[in-house]
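Next come the chains, spelled out residue by residue.
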Amino acid sequence: MADHDGDTYRSVYAVKLGDDIYVLHSFQKKSTIGIKTPKPDLELIKARLRRIKQELAEAKKEKRKKK
């Protein structure tokens, strides 16, 4: 979580995918109560994580084919 000009932002990271760090989603926290991440944001994060994992798996297959 980070603050900027009085607004609060959250970032969700997938830390260990290959050698890279991916920022899956960032959003401004608008709720004044609670800390729960909204369901649409969670679904978007999950979809992006699946996509990155799939792309990495495909890249790994391509790399094996070239050997």
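No experiment lies behind these values; they were computed from the predicted model shown.

*Asks:* Got a sec to walk through the overall build of the chain? Specific residues and values, please.
*Replies:* What the chain contains, in helices and strands, is one helix and three strands. Of the regular secondary structure in the chain, the N- to C-terminal order runs β-β-β-α. Burial analysis of the chain (67 residues in total) assigns 16% to the buried set. Pairs at least 24 apart in sequence give 30% of the contacts found in the chain among residues at least 6 apart.

*Asks:* Account for the side chain of D41, with residues named and values stated.
*Replies:* Relative to the assigned elements, D41 resides in helix α1 (residues 39-66). Although buried, D41 forms no salt bridge, and the nearest oppositely charged side chain, R48, lies 7.7 Å from it. Sequence-distant contacts of D41, that is, excluding residues within four places in its chain, are made with H25 and F27.

*Asks:* Tell me about the confidence of the model for the chain, and please be specific about residues and values.
*Replies:* Across the chain, the average pLDDT comes to 79, with 82% of residues at 70 or higher. Confidence scores differ between elements of the chain, with strand β1 (residues 2-4) showing the lowest mean pLDDT of 52 and α1 the highest of 89.

*Asks:* Report on the side chain of H25, specifying residues and quantitative values.
*Replies:* Following the sequence through the fold, H25 ends up in strand β3 (residues 20-29). A polar contact of 3.2 Å, which involves the side chain of H25, links it to the side chain of R48.

*Asks:* Summarise a positive patch on the surface; cite the residues concerned and give the values.
*Replies:* On the surface, K60, K61, K63, R64 and K67 cluster together into a positively charged patch. Assignment of secondary structure puts K61 in helix α1.

*Asks:* Before we move on, can you summarise the environment of R48 with the specific residues and values?
*Replies:* Turning to its location among the elements, R48 is positioned in helix α1. Residue R48 is classed as partly exposed on the basis of its relative accessible area, which comes to 36%. It is 9.6 Å that separates the C-alpha atoms of R48 and V23, two residues lying 25 residues apart in sequence.

*Asks:* Explain α1 to me, using residue names and the numbers behind them.
*Replies:* With 28 residues, α1 extends 41 Å between its outermost C-alpha atoms, agreeing within 8% with the 40 Å of an ideal straight helix rising 1.5 Å per residue. Within the sequence span of α1, burial applies to D41, I45 and I52.

The rules behind these values
- Residues numbered from 1 in each chain as written.
- Predicted model: local features only at pLDDT ≥ 70, side-chain atom pairs only at ≥ 80, totals over all residues.
- Heavy atoms only, no water.
- Helix = DSSP H or I, 4+ residues; strand = E, 2+ residues; numbered from the N terminus.
- Buried < 20%, exposed > 50% of the residue type's maximum accessible area, 1.4 Å probe, protein only.
- Contact = heavy atoms within 4.5 Å.
- Lys, Arg positive; Asp, Glu negative; His and termini not counted.
- Salt bridge = Lys/Arg side-chain N within 4 Å of Asp/Glu carboxyl O.
- pLDDT = per-residue confidence, 0-100.
- Polar contact = N/O pair within 3.5 Å; in protein donor to acceptor, adjacent residues only side chain to side chain.
- Patch = residues over 30% accessible without salt bridge, like charges linked within 9 Å, V, L, I, M, F, W, Y side chains within 5 Å.
- Areas by Shrake-Rupley, 256 points an atom, 1.4 Å probe, with all protein chains shown as cover.
- Charge placed at Lys NZ, Arg CZ, Asp CG, Glu CD.
- Expected span 1.5 Å × (residues − 1).

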